[in-house]
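# Working through the structure, step by step
Here is what each chain is made of, one letter per residue.
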Amino acid sequence: MAMTEPAQQQAVRRAYEFGRLRYALRMLWVVLPLACVGLALGSSLEALLCLTTLLLVAGGWLRWKGGRLGSAVLPGVLAGSLPLSAAPVAAGCCAMPSHAAVALALIAVIAGAALAMRARQRGRASLMVSLGAALATACLTCMSNGPWMVLGAALGLLAGSIGLLALRGEGRQ
Amino acid sequence: MNDEELQQLDSALTRLAAGDRSAFEQAFALVSPALSQFVGKAMAGHPEREDAVQNTLVRVFGRVSDYRPGTNALAWVLTLAAFEVATLRKRTSRDSGRYGGGSEALAVLSALDDIENAALEREAVQRLGAVVRQLDPGDQRVLLSPDVGPKAPRERKRKQRALDRLKSLWRTLNGND
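Please read these numbers as outputs of a predicted model, since none were measured by experiment. (Residues numbered from 1 in each chain as written. Chains lettered and ligands numbered in written order. Predicted model: local features only at pLDDT ≥ 70, side-chain atom pairs only at ≥ 80, totals over all residues. Heavy atoms only, no water.)

### Description of the packing of helix H4 (residues 67–93) of chain A against helix H6 (residues 124–142) of chain A
Residue and element names in this part refer to chain A. Between H4 and H6, whose axes approach to 6 Å, the crossing angle comes to 35 degrees. Here H4 runs over H6; the crossing is right-handed. Here Arg68, Leu69, Ala72, Val73, Gly76, Val77, Gly80, Ser81, Pro83, Leu84, Ala87 and Pro88 of H4 lie close against H6, whose contacting residues are Ala125, Ser126, Val129, Ser130, Ala133, Ala134, Thr137, Ala138, Leu140, Thr141 and Cys142. Residues of the contact of H4 with H6, tallied by class, amount to 15 nonpolar, 7 polar and 1 charged. (Axes fitted to C-alpha atoms, helices over the stretch in contact; angles between N-to-C directions. Helix = DSSP H or I, 4+ residues; strand = E, 2+ residues; numbered from the N terminus. Left-handed = near helix turned anticlockwise from the far one by under 90°. Contact = heavy atoms within 4.5 Å. Nonpolar A, V, L, I, M, F, W, Y, C, P; charged D, E, K, R; others polar.)

Next up, the structure:
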């Protein structure tokens, strides 16, 4: 049966919101495999559940809302997969946890710089969201290797992004 | 849909895809008539035409988050609509056995043909406009002045020369098509 115009518009609006939800939840295909990697590398199940839920709920909500912040989530998760995969290697190669953390920080610098480069025209809030998502993703494996590794990943991401922004600022002057 | 409306549609779909809900009304106002026309042609005489328009609108707006800026907005909308129409017709024909498969496909293809022809015509007019703008102002005036009443041989000659220059410039810029 044919619908009246307002009813039709309402149905279409509902379909649009469902479409946004589907779009937001598509990050499941990235986050769940990364969580499985974390589980395989010995992260605790509770911590993984907490981080994965946090990533999916906060990231999903931002993606559903849209705008610059929404589009900053997935690049953050993807950038975070670099320190995520480097953490077990660094922990295996270095005898001292602090050395492993420094090695991880050096690798995380690349991810931080890449995010800062992407966020140049999108504003600082967008960069903060990306960095948060990257750190949460990196923690999926870093946590199993101790707090030093989490600190190393966080400092590396921050140093990379701040360093690139400072270099760009200097270049402009 | 003219060029301005096409640009508005692209901008509205881009904003909607980025999550800007305030663009919904504008996008709906632009997409709805285009889809009604397309589905109306593709399913002419079909008892479920109205439902098909509704389903197609729901399908298009449900997938608008996948729209990428710079894509031809109308082509994107109509491609989704064509798939939806084909699916609906196939389902109806399976259910009732009243519509032959060949005629259904022909109806959808004919609707797509009409839209393609309109787009080609619009492009040709734009290209001609661009060529005319490159002629000198005198030739432009002669070519664009309306044909009213009998003309003096001199005027006819001038118009003929301007037309020749237009043809030659067209061939230089667009080849022999």
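### Points about the packing of aromatic side chains
For the structure shown, the criterion picks out 5 aromatic pairs over all chains. Their ring planes at 75 degrees and their centres at 5.2 Å tell us that B:Tyr67 and B:Trp76 sit as a pair that is edge-to-face. With respect to class, B:Tyr67 is no different from B:Trp76; both count as buried. Of the aromatic side chains, those joined through ring pairs into one cluster are A:Tyr16, B:Phe24, B:Phe28 and B:Phe61. Seen from the ring of A:Tyr23, A:Arg63 lies directly overhead, with NZ or CZ sitting 4.3 Å from the centre. Lying over the aromatic face of A:Trp64, B:Arg21 brings its terminal NZ or CZ to 4.7 Å of the ring centre. (Phe/Tyr/Trp six-rings, centres within 6.5 Å; stacked < 30°, edge-to-face > 60°. Buried < 20%, exposed > 50% of the residue type's maximum accessible area, 1.4 Å probe, protein only. Lys NZ or Arg CZ within 6 Å of the ring centre and 35° of its normal.)

Bear in mind that shape data such as this cannot, by itself, settle questions of function.
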